[in-house]
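# Fold and geometry: a report
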Amino acid sequence: MARLDPFYPIVPDTAWLGRLLPQGVKLVQLRIKDQPAEIVRAEIGKALALCAAQDCQLVVNDYWREALQAGADFVHLGQVDLAGADLAALKAARVRIGISTHSEEELDVALAADPDYVALGPIYPTWLKKMPWAPQGLARLAAWRKKVSCALVAIGGITPERAPGVLEAGADSVAVITDIMTHQHPELRTGNWITVTKPWRYLSTGSPHA
């Protein structure tokens, strides 16, 4: 099973990386939206350099072609992007793959791709975007933990207060967007997240240190 840091922030550009990486982030997703290919390539290249300097694992969202070209070794695919991705090329390049899931049907599709992790969401109500899926809850998260042999990422409406319960329910990592992006002091909030998730750091299961 892939080992993931329990704290997994998702950022829209390298400017955010520059702000959050110095706080001690060790796993981060670059989630660029609706930008020309040349900007995407430049951002991925810069992100790889920033992450290498901070010993942080970079995951590139959706833009798997550009990620391959840039030498990235981890991509995240939504269900639509998964359908059009060249999985053979990614695996030949030893690129690890994470896949979004929101239902049993999407989980089956994701597992058929032999991913390194699947992400389940939203766990709680989220206001980032309108979701066609009801909140999954901790019971669903725990049930999926029993079903999957790869790493399990939880996303959606998770706060530092909720994170321990999510990790105890079986998540290997907690993906975070809104709680940091909308916070008055994102750097301070990032530090809080790193502290809260410390008992699960470097573990590949959902159990804290004894």
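In what follows, the accompanying structure is described. (Residues numbered from 1 in each chain as written. Predicted model: local features only at pLDDT ≥ 70, side-chain atom pairs only at ≥ 80, totals over all residues. Heavy atoms only, no water.)

### Things to note about the overall build of the protein
The condition is simple: Under the scheme used here, helices are H or I runs from DSSP no shorter than 4 residues and strands are E runs no shorter than 2 residues, and both carry numbers assigned from the N terminus. Accessibility here uses a 1.4 Å probe with only protein chains present; expressed as a share of the type maximum, an area under 20% marks a residue as buried, one over 50% as exposed, and anything in between as partly exposed. When checking whether two residues touch, look at their non-hydrogen atoms; a contact exists if any pair is within 4.5 Å. Surface exposure here means Shrake-Rupley accessible area, sampled with a 1.4 Å probe, where a residue is shielded only by the protein chains that are shown. Charge counting treats Lys and Arg as positive and Asp and Glu as negative, with His and both chain ends excluded. Positions of charges follow a simple convention, taking NZ of Lys, CZ of Arg, CG of Asp or CD of Glu.
Secondary structure summary: the protein contains 10 helices and 8 strands in total. If you line up the protein on its principal axes, its C-alpha atoms span 40 × 40 × 35 Å. Within the protein, the fraction of its 210 residues that count as buried is 51%. In the protein, the proportion of contacts linking residues at least 24 apart, taken out of those at least 6 apart, comes to 54%. When the accessible area of the protein is evaluated, it comes to approximately 9800 Å², of which 54% is carbon and sulfur surface. Across the protein, the centroid of the 21 positively charged side chains sits 4 Å from that of the 22 negatively charged ones.

### Some thoughts on the nonpolar core
Counted only if it meets this: Note on terminology: a nonpolar core comprises buried Ala, Val, Leu, Ile, Met, Phe, Trp, Tyr and Cys residues joined through side-chain atoms within 4.5 Å.
Membership of the largest hydrophobic core comes to 54 residues, with the highest contact counts inside it found for V28, L141 and I158. In terms of residue count, the dominant contributor to this core is helix α2 (residues 37-53) (4 residues). Once you skip the residues sitting within four places of it in the chain, I158 turns out to touch I123, Y124, A163, V166, V174, D179 and W193. L4, Y8, I10 and L27 belong to the second largest nonpolar core, which has 12 residues in total.

### Observations concerning the packing of aromatic side chains
The condition that has to hold: Planes of paired rings set the category: under 30 degrees apart is stacked, over 60 is edge-to-face and the rest tilted, where pairs are Phe, Tyr or Trp rings (Trp by its six-membered ring) whose centres lie within 6.5 Å. Counting as a charge over the ring demands two things of the Lys NZ or Arg CZ atom: a distance within 6 Å of the ring centre and an angle within 35 degrees of the ring normal.
Considering all chains together, one arrives at 3 aromatic pairs under this definition. Consider the rings of F74 and Y117, whose centres lie 5.8 Å apart with planes at 45°: the pair is tilted. Here F74, found in strand β4 (residues 74-77), pairs with Y117, found in strand β6 (residues 117-120); they are 43 residues apart in sequence, far enough to count as distant. Taken as a pair, F74 and Y117 share a single burial class, namely buried. One aromatic cluster is present, built from ring pairs that chain together Y8, F74 and Y117. Over the face of the ring belonging to W16 we find R19, whose NZ or CZ atom lies 4.4 Å from the ring centre. Its end group placed over the ring of Y124, R162 keeps NZ or CZ at 4.1 Å from the ring centre.

### Thoughts on the environment of E187
The test is simple: Here a polar contact is taken to be a pair of N or O atoms separated by no more than 3.5 Å, where protein atoms must pair a possible hydrogen donor with a possible acceptor and residues adjacent in sequence count only if both atoms sit in side chains.
Examined against the element boundaries, E187 turns out to sit in helix α10 (residues 186-196). Residue E187 is classed as partly exposed on the basis of its relative accessible area of 25%. Along the primary structure E187 and Y8 are separated by 179 residues, whereas in three dimensions their C-alpha atoms are 14 Å apart. Leave out the neighbours within four places in its chain, and E187 touches R19, L20 and Q23. A polar contact of 2.8 Å, which involves the side chain of E187, links it to the side chain of R19.

### Some thoughts on α2
Selection criterion: Take the residue count of a helix, subtract one, and multiply by 1.5 Å to get its expected span.
Helix length check: α2 (17 residues) gives 25 Å between terminal C-alpha atoms against 24 Å at 1.5 Å per residue, within 8%. Tucked inside the fold, the buried residues of α2 contact α1 (14-20), β2 (27-30), β3 (57-61) and α3 (64-70). Looking one or two places after α2, you find D55, whose phi comes out positive at around 55°.

### Notes on the pairing of β2
Worth spelling out the cut-off: Only strands that DSSP links by at least two bridges are regarded as paired with each other. Seen with the strands pointing away from the viewer, any crossover whose path from the first strand over the helix to the second strand runs clockwise is right-handed.
Because side chains alternate across β2, one face comprises the buried residues L27 and Q29, and the other comprises V28 and L30, equally buried. Strand direction decides the pairing type here: strand β1 (residues 7-11) and β2, joined by 2 bridges, are parallel. Residue pairing across strands places I10 opposite Q29, the latter belonging to β2. Chirality of the crossover, the property in question, places the unit of β1, α1 and β2 among those that are right-handed. Pairing of β2 with β3, which is carried by 4 bridges, proceeds in the parallel orientation. By the bridge assignment, L27 is partnered in β3 with Q57. Running through α2, the crossover from β2 to the neighbouring parallel element β3 is right-handed.

### Observations concerning the side chain of D172
Relative to the assigned elements, D172 resides in the loop between α8 (163-168) and β8 (173-176). Judged by relative accessible area, D172 falls into the buried class, the value being 2%. Of the polar contacts made by the side chain of D172, one reaches the side chain of R145; its length is 2.6 Å.

Honestly, that's just the spatial picture; any functional story needs more than this.
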